[in-house]
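Listed below, chain by chain, are the residues.
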Amino acid sequence: MHVQDWLETVPAVSIYALVGLVIGLESLGIPLPGEIILVSAALLSSQHEGINPVVLGACASLGAIVGDSIGYAIGRKGGRPLLAWLGAKFPRHFSEGHVATAERSFQKWGMWAVFFGRFIALLRIFAGPLAGVLRMPYWKFLIANVLGGIVWAGGTTAVIYYVGVVAESWLKRFSWLGLVAAVLVGLASMLIVKRKAKRASAERAEAGADPVAAPAGD
């Protein structure tokens, strides 16, 4: 059963709550298919008058903002030991190279890293906790978090709703093509992040081996 087919059996209030909860947990740092749930619910709202797209977008935005804020609080309280613990448990995601790459991105882009991180699956999961660990000022994080959550969740809902009939027909007809494209995009993103992390690890190792050398620039 497709996600959208399953959502058709759920009352509207439950759909609002489900979308907000899943997106909130994903933003907190738990890898859940928040974007898939949101797109499916938005498509469903274009087919059924009982599901209000404005309420749906508001619930999705609220879930994104609250989830990211909780993730920020957890990261700020856990600090560097939290990253060390996560690195031991999930070395592929929280290796020293990945952490170094994320830290440099936050230092370079600041609030924009949080804002645009909302549109990238991997960063959408870890932006909140990482911002807390890296001690980004909360007011900066909050502004980027709120704007990013509204633009991503509200914008996704609006776009999918207004092209719902066409999008639904296309997805049903080319479901496997869409799946392959999504996998390829995901693999490309992971390879780029992995390459940057490997470069950051090499720079750290080189700096440790030659303490008199000047630190590498951006």
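Below, the structure is looked at part by part.

Parameters at a glance
- Residues numbered from 1 in each chain as written.
- Predicted model: local features only at pLDDT ≥ 70, side-chain atom pairs only at ≥ 80, totals over all residues.
- Heavy atoms only, no water.
- Helix = DSSP H or I, 4+ residues; strand = E, 2+ residues; numbered from the N terminus.
- Buried < 20%, exposed > 50% of the residue type's maximum accessible area, 1.4 Å probe, protein only.
- Contact = heavy atoms within 4.5 Å.
- Phe/Tyr/Trp six-rings, centres within 6.5 Å; stacked < 30°, edge-to-face > 60°.
- Salt bridge = Lys/Arg side-chain N within 4 Å of Asp/Glu carboxyl O.
- Expected span 1.5 Å × (residues − 1).
- Core = buried A, V, L, I, M, F, W, Y, C linked by side-chain atoms within 4.5 Å.
- Axes fitted to C-alpha atoms, helices over the stretch in contact; angles between N-to-C directions.
- Parallel < 35°, antiparallel > 145°, perpendicular 65-115°, else oblique.
- Left-handed = near helix turned anticlockwise from the far one by under 90°.
- Nonpolar A, V, L, I, M, F, W, Y, C, P; charged D, E, K, R; others polar.

### Some points on the overall build of the protein chain
In step 1: From N to C terminus, the protein chain includes 10 helices and 0 strands.
In step 2: Reading the secondary structure of the protein chain in the N-to-C direction produces α-α-α-α-α-α-α-α-α-α.
In step 3: Sorting the 218 residues of the protein chain into buried and exposed places 37% on the buried side.
In step 4: In the protein chain, once contacts between residues fewer than 6 apart in sequence are set aside, the share between residues at least 24 apart is 80%.

### As for the packing of aromatic side chains
In step 1: One pass over the structure, following the stated rule, counts 8 aromatic pairs.
In step 2: With a centroid separation of 5.1 Å and 90° between ring planes, the pair formed by F115 and F116 is classed as edge-to-face.
In step 3: Given a relative accessible area of 15%, F115 falls into the buried group.
In step 4: Under the relative-accessibility criterion, F116 is labelled partly exposed at 45%.
In step 5: Where F115 meets F119, the ring centres are 5.9 Å apart and the plane angle is 50°; that geometry is what we call tilted.
In step 6: The class for F119 is partly exposed, based on a relative accessible area of 38%.

### A closer look at the pattern of salt bridges
Close approach of charged atoms allows side chains of opposite charge to pair.
In step 1: Following the criterion strictly, the structure yields 1 salt bridge and no others.
In step 2: One salt bridge connects R118 with D68, and the closest N-O pair in it is separated by 3.0 Å. Linking R118 in the loop between α6 (111-117) and α7 (121-133) with D68 in helix α4 (residues 53-89), this pair joins segments that are 50 residues apart in sequence.

### Topic: helix α8 (residues 138-162)
In step 1: End to end, α8 covers 35 Å across 25 residues, agreeing with the expected 36 Å (1.5 Å per residue, within 8%).
In step 2: The complete set of buried residues in α8 reads F141, A144, N145, G148, G149, W152, A153, T156, T157 and I160.

### Looking at unusual backbone geometry
In step 1: Positive phi, normally seen in glycine, also occurs at R135, with a value near 60°.
In step 2: One can find R135 in the loop between α7 and α8.
In step 3: Residue classification places R135 among the partly exposed positions, given a relative accessible area of 49%.

### A look at the nonpolar core
In step 1: I15, V19, I23, L38, L56, A60 and W152 are the most contacted members of the largest nonpolar core, which totals 19 residues.
In step 2: Looking at this core, the elements that each hand over two or more residues are α2 (12-28), α3 (34-47), α4 and α8.
In step 3: Each residue touching V19, except ones within four places of it in the same chain, is listed here: I37, L38, A41, L56 and A60.
In step 4: By size, the runner-up hydrophobic cluster in this structure holds 17 residues, among which are A113, V114, I125 and A131.

### So, α2
In step 1: Given a rise of 1.5 Å per residue, 17 residues ought to cover 24 Å, and the 24 Å separating the end C-alpha atoms of α2 matches this to within 8%.
In step 2: Every buried residue of α2 is listed here: I15, Y16, V19, G20, V22, I23, G24, E26 and S27.
In step 3: In the segment just after α2, G29 is the residue with positive phi, at about 130°.

### A look at the packing of α3 against α8
In step 1: Running from N to C, α3 and α8 point in directions that differ by 40°, and their axes come no closer than 8 Å. Taken as axis vectors, α3 and α8 run oblique relative to one another. For α3 against α8, the interelement crossing comes out right-handed. Residues E35, L38, V39, A42, L43, S45 and S46 of α3 lie in contact with α8, whose contacting residues are W152, A153, T156, T157, I160 and Y161.
In step 2: Taken together, the residues of the contact of α3 with α8 sort by class into 8 nonpolar, 4 polar and 1 charged.

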